[in-house]
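A look at the structure
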Amino acid sequence: MKRNRPLLLALVALVALFAVYIGIHPRGFSVYVVTIWSNQGALLGLAAIAQFFVVLVRGIDLSVGPVVALTNVAASYLVQGNTAEIVLGMLAVLVLGALCGLANGAAVVFARVQPIVATLASGAVFGGLALLLRPVPGGTIDDDLSDLLTYDIYGVPTSLVILLVLTVAVTLPLRRTRIGLSMYAVGSAEGAAFLTGTRVAAAKLTAYALAGVFSALAGLYVAMVTQTGDAGIAPAYTLNSIAAVVLGGVPLAGGLGSPVGALVGALILKTVSSVMFFSGLPPLAQPFFEGLVLAIAIFIGAIGVLRLRSRLDAYQR
Amino acid sequence: MSAGAAARRTGWRPDVPALIVLAGCIVLLLGGGIVFPTFLTPSYLLQQLQIAAFLGTMAAGAMPVILLGQIDLSIPWTITGAAIVATTVAGLDDPVLQTLAVPAGLGFGALVGLVNGIVVARLRIPSMVWTLAVNAMLLGGAVFWTGGHKPRGLAPPITTTLALGHTLGIPNAFLTWLAVSAAMVFLLRRTVFGRYLYAIGNNERAVFLAGARVGRVIVGAFMLAGVLAAFAGLLLAGYANQAYQGMGNPYLMPTIAAVVIGGTSILGGRGSYAGTFAGALFITLLLSVLSVLQLPEAVRQMLFGLIIMAMLVVDGLRRAKPA
């Protein structure tokens, strides 16, 4: 229960923010409004889940944004034509994401480069590749597929269904399979995990590959929503995915948290910026307040440190 | 570590990462010189040193924070913010206030560093997340303040002299960088503050238990990072003779890359200033060679990433080898 407190707090915050959003949205509670909200949330939510896997094994992935951009650009070339071509195209995009993630994982596991700098460098490569493929935004996505995935099913936003299915599909195995538990073990105490026979390399490689796949899912979904490929979307996804993970109660020190937390964090961030949009604040002031809200949220999450009986406890590694 | 520290105090030990990066600089120069003979002319080399001074100053500021095992991602908008503050003050009508332009810009950087330091030291928020939020707020503040337009005002004359002038044929910017570097070497090697930076990076808990004021060292490191980023911002404003939105954005990644390929561990506790200096030179030369080759921006970016990655992999494999 105590361990779940950050997540519960985040959930309460999300529900409250959602209520405010619905309250001030000129069109109120309707399928249309919730669908837009859910679509926006799905974009960042998938990227946040990608970031979660790497953070879980005590890493950080600064290439989430570039991989989202690269796969988005790839989708704008591949996801069109007849049904078989579309299915193959989507698979190819996911494989591309997995390969990007594996490349990061290999740099971290085999060459022992620190995750933050490894993904900084690989991010430049992936981002460059995306820009090379699409110097200016363009391309198309199959219309029917895009409509199918961005509207609603009997009043429930399709994106919400996709998000829930994907989240459940990764959260359950994470706690029940050997490789999933290995990731938690590696994130909590890599040395101890290694000594007890955990396959550290396999756990880390899997985490990075999963991050690549979820970045690719985000890239694909960006393509569905915007119907184009755009290499310029990278920076926002990297930074917001890290912020989302932290807001969702996943410590950057690794070994704790769940994809649900990352998703909730992402939805909070998106809801905040939507609330800003409709709040009547001058548009020029909005970037400042978005930063401020992020800072305050992080601040509240950390306030417990001030209540520690001994300062020494704050220096636990 | 104790053996290493003793060796460092008693005798000279080759600084392998710095030497590797310097060798990389020479390879870049020779390779560039073969394709473009102008590469090896004094004027081109001096110009490179002048440009490297901006990145070098930022890297000097980023290094103490990285030595602590922290990171400062608010560098880009500290640079831009300081430049906007300084040019705005320098553009005022009052001649007395105009002289305060440079202190105002540096003070802005110190303030940002102070806030970052206090929050990281007292609340133990991961610096990566907090400074990210601060960067977002600074961006928002700058956009709001300037109305999204090009900031008005003008670069303080002294920054123009420092960034563009020459003394005895040597760019003032490079001389400034050398002065900053001398101060950094003294700070890191000969002061208690400098030794604590390394100690905290290695084992924060132990340093705390030993009775050191860990919090103050952390705040000091972030303030140093803020002031030097602001100083680099002033130099950039002098170089361009104006401040502009997003002027600091292209520098975040190269700054971190310069510190890290110079051998400073991103986990903290290990690294030499010589490596950071060489790293800033290397990155500047690399970017220059890539831009002279007239490749598309996308290819340049990819090559930049691949070369940095290659250097990191070489360094990682070198360290992973059992001694």
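Residues numbered from 1 in each chain as written. Chains lettered and ligands numbered in written order. Predicted model: local features only at pLDDT ≥ 70, side-chain atom pairs only at ≥ 80, totals over all residues.

Comments concerning the overall build of chain A
- Helix and strand counts for chain A stand at 13 helices and two strands.
- For chain A, whose C-alpha radius of gyration is 20 Å, the value lies close to the compact-globule estimate of 20 Å for 317 residues.
- Principal-axis analysis of the C-alpha atoms gives chain A an extent of 55 × 45 × 35 Å.
- In chain A, which comprises 317 residues, the proportion classed as buried is 50%.
- Taking contacts inside chain A between residues at least 6 apart in sequence as the whole, the part at least 24 apart equals 77%. (Helix = DSSP H or I, 4+ residues; strand = E, 2+ residues; numbered from the N terminus. Rg over C-alpha atoms; globule rule 2.2 N^0.38 Å. Buried ≥ 20, exposed ≤ 12 C-beta atoms within 10 Å, placed from the backbone. Contact = placed C-beta atoms within 7 Å.)

Quick notes on the packing of helix H4 (residues 83-109) of chain A against helix H10 (residues 200-226) of chain A
All names here are of chain A.
- Between H4 and H10, whose axes approach to 7 Å, the crossing angle comes to 145°. Read as a crossing pair, H4 and H10 show a hand that is right-handed.
- When grouped by side-chain class, the residues that make up the contact of H4 with H10 number 19 nonpolar, seven polar and one charged. (Axes fitted to C-alpha atoms, helices over the stretch in contact; angles between N-to-C directions. Left-handed = near helix turned anticlockwise from the far one by under 90°. Nonpolar A, V, L, I, M, F, W, Y, C, P; charged D, E, K, R; others polar.)

Re the confidence of the model for chain B
- Scored by pLDDT, chain B comes out at a mean of 86, with 95% of its residues at no less than 70.
- Note on the complex model: pTM 0.86, ipTM 0.82. (pLDDT = per-residue confidence, 0-100.)

Observations regarding the interface of chain B and chain A
- With 45 residues of chain B at the interface, the matching set in chain A holds 42 residues.
- The set of elements that each furnish at least two residues to the side of chain B that touches chain A consists of helix H7 (127-146), helix H10 (192-209), helix H12 (252-261) and helix H14 (297-320) of chain B.
- With 16 residues, H14 of chain B is the single largest residue contributor to the side of chain B that touches chain A.
- Across the side of chain B that touches chain A, the residue classes tally to 33 nonpolar, seven polar and five charged.

Some words on helix H2 (residues 31-56) of chain A
All names here are of chain A.
- Spanning 26 residues, H2 covers 35 Å between terminal C-alpha atoms, matching the ideal 38 Å at 1.5 Å per step.
- Residue alanine 42 marks the point of greatest curvature in H2, where the axis turns by about 30°.
- Of all 26 residues making up H2, 20 are buried, and the element is well covered by its neighbours.
- One or two residues past the end of H2 sits arginine 58, with phi positive at roughly 65°. (Expected span 1.5 Å × (residues − 1). Bend = angle between axes of the 7 residues up to and from the residue.)

Topic: unusual backbone geometry
- Even without glycine at this site, arginine 112 of chain A takes up a positive phi of about 60°.
- Relative to the helices and strands, arginine 112 of chain A is located in the loop between H4 and helix H5 (115-133).
- By the C-beta count within 10 Å, which is 16 here, arginine 112 of chain A ends up partly exposed.
- Positive phi, close to 55°, is recorded for asparagine 241 of chain B, a residue that is not glycine.
- The exposure class of asparagine 241 of chain B is partly exposed, given the 13 C-beta atoms found within 10 Å.

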